[in-house]
Amino acid sequence: MLKWFFTDQLRLGLVQAAVAALSAIVLVLLARRRGVHLEKETAVAMVRGVLQIVAVGSLLVLLLHGPKWSSVFLLAGMIVAAGATSADGRTDCPMLSEFPRGQSHSGRDR
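Overview of the overall build of the chain
Assigned secondary structure in the chain consists of four helices and zero strands. Overall, the chain shows an N-to-C arrangement of helices and strands of α-α-α-α. Every one of the 110 residues in the chain was classed for burial, and the buried ones make up 7%. Here the chain has roughly 9800 Å² of accessible surface; of this, 67% comes from carbon and sulfur atoms.

What to know about the pattern of salt bridges
Tallying each qualifying case throughout the model produces one salt bridge. One salt bridge in this structure joins Arg-32 and Glu-39, with 3.3 Å as the shortest N-O distance. Take Glu-39: its relative accessible area is 30%, and that puts it in the partly exposed class.

Digging into the packing of aromatic side chains
A ring pair, where both rings are aromatic, is described by two values, the distance of the centres and the angle of the planes. As enumerated under the stated definition, the model contains one aromatic pair in all. Ring geometry for Trp-69 versus Phe-73: centroids 6.4 Å apart, planes at 75°, classification edge-to-face. Across the pair, Phe-73 and Trp-69 agree in class, each one exposed.

What to know about the environment of Arg-32
Within the secondary structure, Arg-32 sits in helix α2 (residues 9-33). Setting aside anything within four residues of it in sequence, one finds Arg-32 in contact with His-37 and Glu-39.

The rules we used
Every chain's residues receive numbers from 1 upward, in the order its sequence appears when written. Reporting of local features is limited, given that this is a predicted model, to residues whose pLDDT is at least 70; pairs of side-chain atoms are given and counted only at 80 or more, and all residues count toward the totals for whole chains, interfaces and linings. Working from all heavy atoms in the structure, the side-chain values ignore hydrogens and water. Runs of H or I in DSSP of at least four residues are treated as helices and runs of E of at least two as strands, each being numbered from the N terminus. When accessible area is computed with a 1.4 Å probe and restricted to protein chains, residues below 20% of their type maximum are described as buried, those above 50% as exposed, and intermediate ones as partly exposed. Here, Shrake-Rupley sampling with a 1.4 Å probe gives the accessible areas, and only protein chains in the shown set may cover a residue. Salt bridges are defined by distance alone: a side-chain nitrogen of Lys or Arg within 4 Å of a carboxyl oxygen of Asp or Glu. The pairing test for Phe, Tyr and Trp rings, Trp by its six-membered ring, is centres within 6.5 Å, and the orientation test on the planes gives stacked under 30 degrees, edge-to-face over 60, and tilted for anything in between. We call two residues in contact when some of their heavy atoms are within 4.5 Å.

Encoded structure:
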């Protein structure tokens, strides 16, 4: 629907990002009315998301417009970073072996 109003790809992307940010803010305000305070977590998540998109976009620009020999090192670095992130990110998730047999993680019987 927004493509009808914005033909320029950059403006379309900026408007889509603004709509997503406004939707997140509205949800935080609705949650706040019910006593759930997510303001700090949402602000941190939004800033981290923007920084990650800018960082990955910058790496892709370097990858596509840089010398061909640099792409091997950039891709290797991205793979190592993705592996390190995925290895560190799930430390709070219980292992399936910790649950009694016949029960799922939600506590309900299968």
